[in-house]
Amino acid sequence: MDEKLEPIFAEVVRRNPGESEFHQAVEEVLGSLGPVLAKHPELARHKTIERMCEPERQILFRVPWQDDRGEVHIQRGFRVEFSSVLGPYKGGLRFHPSVGLGVVKFLGFEQVFKNALTRMPIGGGKGGADFDPKGRSDDEIMRFCQSFMTELYRHLGEHTDVPAGDIGVGGREIGYLFGHYKRITNRFESGVLTGKGTDWGGALVRTEATGYGLVFFVVEMLRARGRTLDGATCVVSGAGNVAIHAIEKVQQLGGRVVACSDSQGVVHDPEGIDVALLKQIKAVERRRLTDYAERRPSARHRSGGSIWEIPCEIALPCAAQNELHGRDATALARSGCIAVAEGANMPATPEAVRVLQEAGVAFGPGKAANAGGVATSALEMQQNASRDSWSFEHTEQRLEEIMRGIHETCAAAAEEYGAPGDYVLGANAAGFLRVARAMIAQGLV
């Protein structure tokens, strides 16, 4: 990190004690901005970095709900509205026991730059609750969502804040949230939430968007190196929505995904993951990958070890933050991996990123590589605003164009600031510049 930025980072840590995820996200961005401020010193004079590191609004609220046995539970709800200089706050809601203010701030901070890279008119925010939907009935989840929305609704609006889904919040949860918003406000505002069902305002491709967009970004990374996905061996961590659709798109484009994972372990299928079977087990039956191995003769499941020990040319971490460590990056580089791209938010530790870059492995950071989900949410907002509906093919084409544009933007910024091929620097520099210039243009906001 440039020495001029060290006091700014120290102040962020002081003002936000105990929020390690937020500290990590800020440090990663500030580590890239030295050459940007050297070229544009006016951005420092306007205190743009300090302003970006402080959310415009932080909302913390109680969420009481009752389970099927009649027992009352109390959860915490969060919404951090980080930046609106480019448009209404935009970012998902996460329901998971790990959710706390530091996690939501880290996600919201990342979202600001991710959304800026899409070139869509959306700001950045994030939210959620420390509620675990696993093992809960549909009625319990509905009651929780209704209680959550009873407080959150007053902070939302298509011109103010437009949440979407994230971990633990899929189409079912978005439906319950939207239904209660409509009931409270007496308005059918389809543009107030994205990730809706396609029968009532949702965009086609939204379910697939983050996984598909990730692969489109990887295609561009490989093209820059004179390579293609055709025939490439890949591993994808996770087995949720992002991972499943990344696997699907890799195999549509000629690659072969030989492993994926869940919280119970890793499944290795040398013949290539059967996407239809994976969808049936994980998305329909909501079961574990052990069931996949039982039904697929070519697959083996193991509860220990790391997925990154399996040799591959392309690695896509799509599970959770800080899941790929330095030792994993070393194993990937030694096995001949040529590209890693983040499908989850900050799944690679700083040490892992350093190891990969020093080994010459192309690395796509999440704020660039997994921006397909929010980009398609912005496309859903467009359709809602115009009362229109686009075909799957048209929406997917728009998504591919956006991801290609993000790659071009990151590559050009990396080149401009003296680090060709460094997508981390490129993404941070390009996203920061767009937000900073808007801040200055709008005065002290």
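These lines cover the structure that appears in this document, whether it is placed above or below. (Residues numbered from 1 in each chain as written. Predicted model: local features only at pLDDT ≥ 70, side-chain atom pairs only at ≥ 80, totals over all residues. Heavy atoms only, no water.)

**A closer look at the packing of aromatic side chains**
The criterion, for reference: Working definition: rings of Phe, Tyr and Trp (its six-membered ring) pair if their centres are within 6.5 Å, and the pair is stacked with planes under 30 degrees apart, edge-to-face with planes over 60 apart, and tilted otherwise. Numbering goes from the N terminus for both helices and strands, where a helix is a DSSP run of H or I of at least four residues and a strand is a run of E of at least two. For every residue, the accessible area obtained with a 1.4 Å probe (protein chains only) is divided by the maximum for its type, and the residue is called buried under 20%, exposed over 50%, and partly exposed between those limits.
Under the defined criterion, the tally for this structure stands at 15 aromatic pairs. Judged by centre distance (5.8 Å) and plane angle (65°), the rings of Phe82 and Phe109 are edge-to-face. Here Phe82 is found in strand E2 (residues 72-83), whereas its partner Phe109 is found in helix H6 (residues 101-117), with 27 residues between them in sequence. Overall, the relative accessible area of 2% leaves Phe82 in the buried class. Here Phe95 and Phe131 contribute two aromatic rings whose centre-to-centre distance is 6.0 Å and whose plane-to-plane angle is 85°, an arrangement assigned as edge-to-face. Of this pair, Phe95 sits in strand E3 (residues 89-95) while Phe131 sits in the loop between strand E4 (124-129) and helix H7 (138-152), placing them 36 residues apart in sequence. Through a chain of ring-to-ring contacts, the aromatic side chains of Phe61, Trp65, Phe95, Phe131, Phe144 and Phe148 assemble into a single cluster.

**A look at the packing of H6 against helix H18 (residues 423-441)**
Definition in use: A fitted line through C-alpha atoms serves as each axis, taken over the contacting stretch for helices, and the angle formed by two N-to-C directions is quoted from 0 to 180°. Angle categories are assigned with fixed cut-offs, so that under 35 degrees is roughly parallel, over 145 is roughly antiparallel, 65 to 115 is roughly perpendicular, and the rest are oblique. Contact criterion: two residues are considered in contact whenever any of their non-hydrogen atoms come within 4.5 Å of each other. Three classes are used, and their members are as follows: Ala, Val, Leu, Ile, Met, Phe, Trp, Tyr, Cys and Pro are nonpolar, Asp, Glu, Lys and Arg are charged, and the others, Gly among them, are polar.
Two numbers describe how H6 lies on H18: the axes approach to 8 Å, and their chain directions differ by 85°. Looking at the two axes, H6 sits roughly perpendicular to H18. Together, Val112, Phe113, Asn115, Ala116 and Leu117 of H6 and Ala427, Ala430, Gly431, Phe432, Arg434 and Val435 of H18 make up the contact between the two elements. Along the lines of polarity and charge, the residues of the contact of H6 with H18 split into eight nonpolar, two polar and one charged.

**Focus: the packing of helix H9 (residues 209-224) against helix H16 (residues 372-385)**
The condition is simple: Two helices that cross are described as forming a left-handed crossing if the nearer one is turned anticlockwise from the farther one by less than a right angle, and a right-handed crossing if clockwise.
Packing of H9 against H16 leaves a shortest axis separation of 7 Å and a crossing angle of 120°. Accordingly, the angle class assigned to the pair H9 and H16 is oblique. Relative to H16, the crossing made by H9 is right-handed. Across the interface between the two elements, Ala209, Thr210 and Gly213 from H9 touch Gly372, Gly373 and Thr376 from H16. Split into classes, the residues belonging to the contact of H9 with H16 amount to one nonpolar, five polar and no charged.

**Side note on the pattern of salt bridges**
Counted only if it meets this: Note on definitions: salt bridges are taken to be side-chain nitrogens of Lys or Arg within 4 Å of carboxyl oxygens of Asp or Glu.
Across all of its chains, the model carries 32 salt bridges by this definition. The closest approach of N and O atoms between Asp166 and Lys126, which form a salt bridge, is 3.2 Å. Note that Asp166 is positioned in the loop between strand E5 (161-165) and helix H8 (171-185) and Lys126 in strand E4, a separation of 40 residues in sequence. Between Glu285 and Arg295 there is a salt bridge; the shortest N-O distance is 2.6 Å. Taken together, the residues span a long stretch of sequence, with Glu285 in the loop between helix H11 (275-284) and helix H12 (289-295) and Arg295 in helix H12 at a distance of 10 residues.

**Digging into the sheet that holds strand E12 (residues 362-364)**
Spelled out, the test is: The pairing criterion is simple: DSSP has to find at least two bridges between the two strands.
Spatially, the seven strands line up as an open sheet ordered E9-E8-E7-E6-E10-E11-E12, and their pairing is mixed. The sheet is open, and its two edges are formed by strand E9 (300-302) and E12, each paired on a single side. Taking the axes of each pair of neighbouring strands and ignoring which way they run, one obtains an average angle of 15° across the sheet. Relative to the sheet, H9 contacts strand E10 (314-317), strand E11 (339-341) and E12, its axis offset from that of E11 by approximately 150°.

**Topic: the layout of surface pockets**
As a reminder, the rule being used: Only protein atoms enter the 1 Å grid used here. Points where a 1.4 Å probe fits but cannot escape make up a cavity, open sets with protein on both sides within 12 Å along at least five of seven lines make up a pocket, and a residue lines them when an atom lies within 4 Å of a point. Grid points are joined across faces, edges and corners, and a volume is the space filled by probe spheres set on the points.
Each pocket or cavity is described by its volume, and for the second largest pocket that value is around 480 Å³. Taken together, the elements giving at least two residues each to the lining of the second largest pocket come down to helix H2 (20-30), helix H14 (350-358), helix H15 (366-369) and H18. It is H14 that provides the largest number of residues to the lining of the second largest pocket, a total of four residues. When its residues are assigned to classes, the lining of the second largest pocket shows nine nonpolar, six polar and seven charged.

**A few points about H14**
Definition in use: This arc is built from the directions going out from the helix axis to the C-beta atoms.
Looking only at H14, the buried set comprises Ala352, Val353, Val355 and Leu356. Projection of H14 onto a plane perpendicular to its axis shows the buried side chains occupying an angular sector of 165°, all on one side. Residues of H14 that are exposed and point more than 90 degrees away from the buried face comprise Pro350 and Glu358. Buried residues belonging to H14 abut helix H13 (326-334), E11, E12 and H18. Once H14 ends, the next one or two residues include Gly360, with phi positive near 80°.

**What about the nonpolar core?**
The criterion, for reference: In this text, buried Ala, Val, Leu, Ile, Met, Phe, Trp, Tyr and Cys residues form a nonpolar core when linked through side-chain atoms within 4.5 Å.
Ile49, Phe109, Tyr292, Ile314, Leu316, Ile406 and Phe432 are the most contacted members of the largest nonpolar core, which totals 103 residues. The element contributing the most residues to this core is H18, with 11 residues. Beyond its immediate sequence surroundings of up to four residues, Phe109 is in contact with Phe22, Ala25, Val26, Val29, Met52, Cys53 and Phe82.

**Some points on unusual backbone geometry**
A positive phi is found at Asn322, a non-glycine position, where the angle reads about 55°. Residue placement: Asn322 occurs in the loop between E10 and H13. Judged by relative accessible area, which is 24%, Asn322 ranks as partly exposed. The backbone of Arg387 sits at a positive phi, close to 55°, despite the residue not being glycine. Along the chain, the position of Arg387 falls in the loop between H16 and helix H17 (392-416). For Arg387, a relative accessible area of 69% translates into the label exposed.

**Things to note about empty space enclosed by the protein**
The tally for this structure, following the rule as stated, stands at one cavity of 30 Å³ or more. Size it by volume and the largest cavity reaches roughly 40 Å³. Lining the largest cavity we find Met52, Phe82, Ser83, Phe109, Val112, Phe113 and Met439. Of all the secondary structure elements, the ones that give two or more residues to the lining of the largest cavity are E2 and H6. The element best represented in the lining of the largest cavity is H6, accounting for three residues. Taken together, the residues of the lining of the largest cavity break down into six nonpolar, one polar and no charged.

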